[in-house]
Amino acid sequence: MALALMLPLAACQQDSDPGPGGVTRGEARALDEAATMLDSRPAPPPLVDATVPADAASAAP
């Protein structure tokens, strides 16, 4: 249903027409696709705590 409504609108608009945020409609679509791709990636593994304990720092030569 939504696709059927978007097709007539797509015929009227060009990719080079100004879009939201000062980018063209084509650029906005590419940014949306990139955001969707990044959102679908798995989260990175948690980082290991890399801080040095205070007593270990004073014992170092």
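Computed from a prediction, not measured in an experiment: that's the story for all the values here. (Residues numbered from 1 in each chain as written. Predicted model: local features only at pLDDT ≥ 70, side-chain atom pairs only at ≥ 80, totals over all residues. Heavy atoms only, no water.)

### Examining the overall build of the protein chain
- Scanning the protein chain from terminus to terminus reveals 3 helices and 0 strands.
- Reading the helices (α) and strands (β) of the protein chain from amino to carboxyl end gives α-α-α.
- Per-residue burial for the protein chain yields a buried fraction of 3% across its 61 residues.
- In the structure as shown, the protein chain presents an accessible area of about 5600 Å², 66% of it carried by carbon and sulfur atoms. (Helix = DSSP H or I, 4+ residues; strand = E, 2+ residues; numbered from the N terminus. Buried < 20%, exposed > 50% of the residue type's maximum accessible area, 1.4 Å probe, protein only. Areas by Shrake-Rupley, 256 points an atom, 1.4 Å probe, with all protein chains shown as cover.)

### Here's the deal with the confidence of the model for the protein chain
- A residue-level look at the protein chain finds 57% of positions with pLDDT of 70 or above and a mean pLDDT of 73.
- Per-element confidence in the protein chain ranges from a low mean pLDDT of 51 for helix α1 (residues 2-12) to a high of 92 for helix α2 (residues 25-40). (pLDDT = per-residue confidence, 0-100.)

### With respect to the environment of T24
- Tracing the backbone shows T24 in the loop between α1 and α2.
- What makes T24 partly exposed here is its relative accessible area of 23%.
- It is 8.8 Å that separates the C-alpha atoms of T24 and Q14, two residues lying 10 residues apart in sequence.

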